[in-house]
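Read off the chains here:
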Amino acid sequence: MRETLEMNGLDDVIAADTVLSDVDGQAGTLIIRGRSLDELAQGSTYEAVLALLWEGLFDDPSRAPAVPALLGRARSQAFERLGQAELRRAQQDPVEALRVLLAQIDDGERLDTALRLVGATAVFTAAVLRLRQGLKPIEPDATASHSADLLRMIHGTPSTAEQVTALDRYLVTVSDHGLNASTFAARVVASTRAGLTSAVIAALSALKGPLHGGAPGPVLDYLDSIGKPEMASGWLQETLSRGERLMGFGHRIYRVRDPRADAVKGALRTLIRAGQVDAQRLQLAEAVEAAALRLLAAKKPERPLQTNVEFYTALLLEALGFPRDAFTCVFAISRTGGWIAHAREQILGGRLIRPRSRYIGPRPQSTLAQPVATSFDAIGPESSRRPPITSAR
Ligand code: ACO
């Protein structure tokens, strides 16, 4: 007898209660600790959202007015840890380098570890990007905002007010988002009491996948290959007919447009108004988005596939001068705050996360009697199950 291997991706399974964030996939809204994304993305700094996310989760208070200084000091402490190892890591993919470098932060569950992790993601990413260009890492300015300091540590010169605002808006927008794959990974690890560093590294490892936070790099590869707005339809159609997915579209929860796509596009507009975005690039992206939505609606009328946060993230981070292979690191710089909030929530209120699986393989007594399909027979070769993700990094 053949059984079907059921891997439904835990669709609609509620695995945790949380006070942190709520994603409504039908209404297309995101709430972070009682505040709407629209409200937060309009005027909050990343530090303010971090304080909001962490409120009440640590023994030591992390109140809003103190967070900018605490985070600035954490960046300086992270910089002091940079040594010879980073010179070697700098040749790697930035996400791989970041993953390895974060392991230097001693595991712990308290506020000092949490701050050090958030500071370190920014400092280590900037250092890796400088070192691989043969440049010296730039020391953090503990008095600057997280966004301003990140841009300065990467580019070596102060950024414009519009660039800092745009990056802050992005960091706020992606700071937390319900029980997504990386956040779930963080909660699982935190539930074992392994510590916040281990939880963040596990989450980063989940984030880097092309179906999650690794999508925006390939979005720019699309734009480069398409070249002109009038080529968009044909190129995307060919990609879909090869069975590939269009990066920057579709979402597990949203059946309407991802509200973060508009928040990030809003940040992009700040740069457009300041003349800091290539207008032709934006025009091309809008043509690609329109063609992709048309083709996806025709291909999958039963499954609404809309623009997700990663599409305009690609344009924004490109306009801010980040190299495309570092986009996932910039996402992680923000989301580390959200992962830590979830990890703390899990530690405070949760038990060990330990679900069960359903065994559908052979039982010892049946193996001699008749051949039984192995689990791999049951699901068939990989190529018959999932379209290839060939454009992924
Ligand atoms: N392009 C083409 N087809 C798609 C896309 C897409 N972007 N997304 C989903 N589909 C199709 C699938 O091929 C599948 O078709 P099938 O039933 O014929 O096999 C159907 O829609 C349902 O897809 P699922 O895989 O069940 O959807 P799921 O909820 O698991 O996927 C995901 C969500 C992974 C985001 C998916 O939409 C995707 O791969 N998108 C492209 C990658 C991307 O942009 N990721 C970033 C997401 S945002 C974030 O993580 C920060």
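Residues numbered from 1 in each chain as written. Predicted model: local features only at pLDDT ≥ 70, side-chain atom pairs only at ≥ 80, totals over all residues. Heavy atoms only, no water.

**Focus on the overall build of the chain**
Of the regular secondary structure elements, the chain holds 18 helices and 3 strands. When each of the 393 residues of the chain is scored for burial, the buried share is 49%. The contacts in the chain between residues at least 6 apart in sequence include a share of 78% that link residues at least 24 apart. Of the roughly 18400 Å² of accessible surface on the chain, 52% is carried by carbon and sulfur atoms. (Helix = DSSP H or I, 4+ residues; strand = E, 2+ residues; numbered from the N terminus. Buried < 20%, exposed > 50% of the residue type's maximum accessible area, 1.4 Å probe, protein only. Contact = heavy atoms within 4.5 Å. Areas by Shrake-Rupley, 256 points an atom, 1.4 Å probe, with all protein chains shown as cover.)

**Things to note about the side chain of Arg169**
Considering the arrangement of structural elements, one finds Arg169 in helix 8 (residues 161–173). Among residues more than four places away in sequence, those in contact with Arg169 are Ala41, Gln42, Ala263, Gly266 and Ala267.

**Looking at the packing of aromatic side chains**
Applying the stated criterion to the full structure yields 4 aromatic pairs. Seen from their ring centres, Tyr222 and Trp235 are 5.1 Å apart, and the 55° between their planes marks the pair as tilted. Of the two residues, Tyr222 is situated in helix 11 (residues 216–226) and Trp235 in helix 12 (residues 232–241); the sequence distance between them amounts to 13 residues. A relative accessible area of 23% places Trp235 in the partly exposed class. Through pairs of rings, three or more aromatic residues link up here, namely Phe249, Phe311 and Tyr312. (Phe/Tyr/Trp six-rings, centres within 6.5 Å; stacked < 30°, edge-to-face > 60°.)

**Some remarks on the site of the ligand**
The full set close to the ligand counts 21 residues, and Arg245, Leu246, Gly248, Phe249 and Arg252 are the nearest of them. Contacts to the ligand include Phe249, whose backbone N or O atom sits 2.8 Å from a nitrogen atom. Between the ligand and Arg303, the relevant distance is 3.1 Å, taken from an oxygen atom to a side-chain nitrogen or oxygen of the residue. Protein contacts shield 80% of the accessible area of the ligand, which totals 920 Å² for the unbound molecule. When the residues that make up the shell around the ligand are grouped by side-chain class, the tally is 11 nonpolar, 5 polar and 5 charged. (Near = heavy atom within 4 Å. Polar contact = N/O pair within 3.5 Å; in protein donor to acceptor, adjacent residues only side chain to side chain. Nonpolar A, V, L, I, M, F, W, Y, C, P; charged D, E, K, R; others polar.)

**Examining the nonpolar core**
Counting 109 residues, the largest nonpolar core has Trp54, Tyr170 and Phe322 as its most contacted members. The dominant element in this core, judged by the number of residues it contributes, is helix 6 (residues 111–131), at 12 residues. (Core = buried A, V, L, I, M, F, W, Y, C linked by side-chain atoms within 4.5 Å.)

**Notes on the sheet that holds strand 1 (residues 21–24)**
Read from one edge to the other, the open sheet built from 3 strands follows the order 1-2-3, with strand pairing classed as antiparallel. Each edge of the sheet is formed by a strand with only one pairing partner; in this case those strands are strand 1 and strand 3 (35–36). Summarising the sheet, strand 2 (residues 29–32) and strand 3 pair through 2 bridges and their orientation is antiparallel. Bridging from a neighbouring strand, Ile31 pairs with Ser36 of strand 3. (Pairing = 2+ DSSP bridges.)

**Structural notes on the environment of Gln276**
Examined against the element boundaries, Gln276 turns out to sit in the loop between helix 13 (259–273) and helix 14 (279–299). A relative accessible area of 24% means that Gln276 is categorised as partly exposed. Distance in space between the C-alpha atoms of Gln276 and Ala319 is 7.1 Å, their sequence separation being 43 residues.

**With respect to the pairing of strand 2**
Consecutive side chains along a regular strand alternate between the two faces of the sheet. The side-chain alternation of strand 2 yields one buried face, formed by Leu30 and Ile32, and one unburied face, formed by Thr29 and Ile31. By the bridge criterion, 4 bridges tie strand 1 to strand 2 in an arrangement that is antiparallel. Residue pairing across strands places Val23 opposite Leu30, the latter belonging to strand 2. Between strand 1 and strand 2, which follow one another and run antiparallel, lie 4 residues, and Gly28 among them has a positive phi close to 70°. Linking two consecutive strands that pair antiparallel, namely strand 2 and strand 3, is a turn of 2 residues; a positive phi of about 45° is found at Arg33 within it.

**Comments concerning the pattern of salt bridges**
Side chains that differ in sign of charge can pair as their charged atoms come close. According to the stated counting rule, one finds 20 salt bridges in the structure shown. As a salt-bridge pair, Asp149 and Arg75 come within 2.8 Å of each other at their nearest N and O atoms. With Asp149 in helix 7 (residues 146–155) and Arg75 in helix 3 (residues 67–80), this residue pair connects regions lying 74 residues apart in the sequence. With respect to class, Asp149 is no different from Arg75; both count as buried. Lys208 is the salt-bridge partner of Glu96, the closest N and O atoms lying 2.5 Å from each other. With Glu96 in helix 5 (residues 94–102) and Lys208 in the loop between helix 10 (196–207) and helix 11, the pair connects residues that are 112 residues apart, well separated along the chain. Taking relative accessible area as the criterion, Lys208 reaches 23% and is therefore assigned partly exposed. (Salt bridge = Lys/Arg side-chain N within 4 Å of Asp/Glu carboxyl O.)

**Observations regarding helix 2 (residues 46–54)**
Burial analysis of helix 2 places 8 of its 9 residues in the buried class, the great majority of the element. For helix 2, the complete set of buried residues consists of Tyr46, Glu47, Val49, Leu50, Ala51, Leu52, Leu53 and Trp54. Where helix 2 terminates, the next one or two residues include Gly56, which has phi positive at roughly 80°.

**Thoughts on the environment of Arg89**
Topologically, Arg89 is positioned in helix 4 (residues 84–89). Look at Arg89 and you get partly exposed, because its relative accessible area is 29%. In sequence terms Arg89 and Arg132 are 43 residues apart; their C-alpha atoms lie 8.9 Å from each other.

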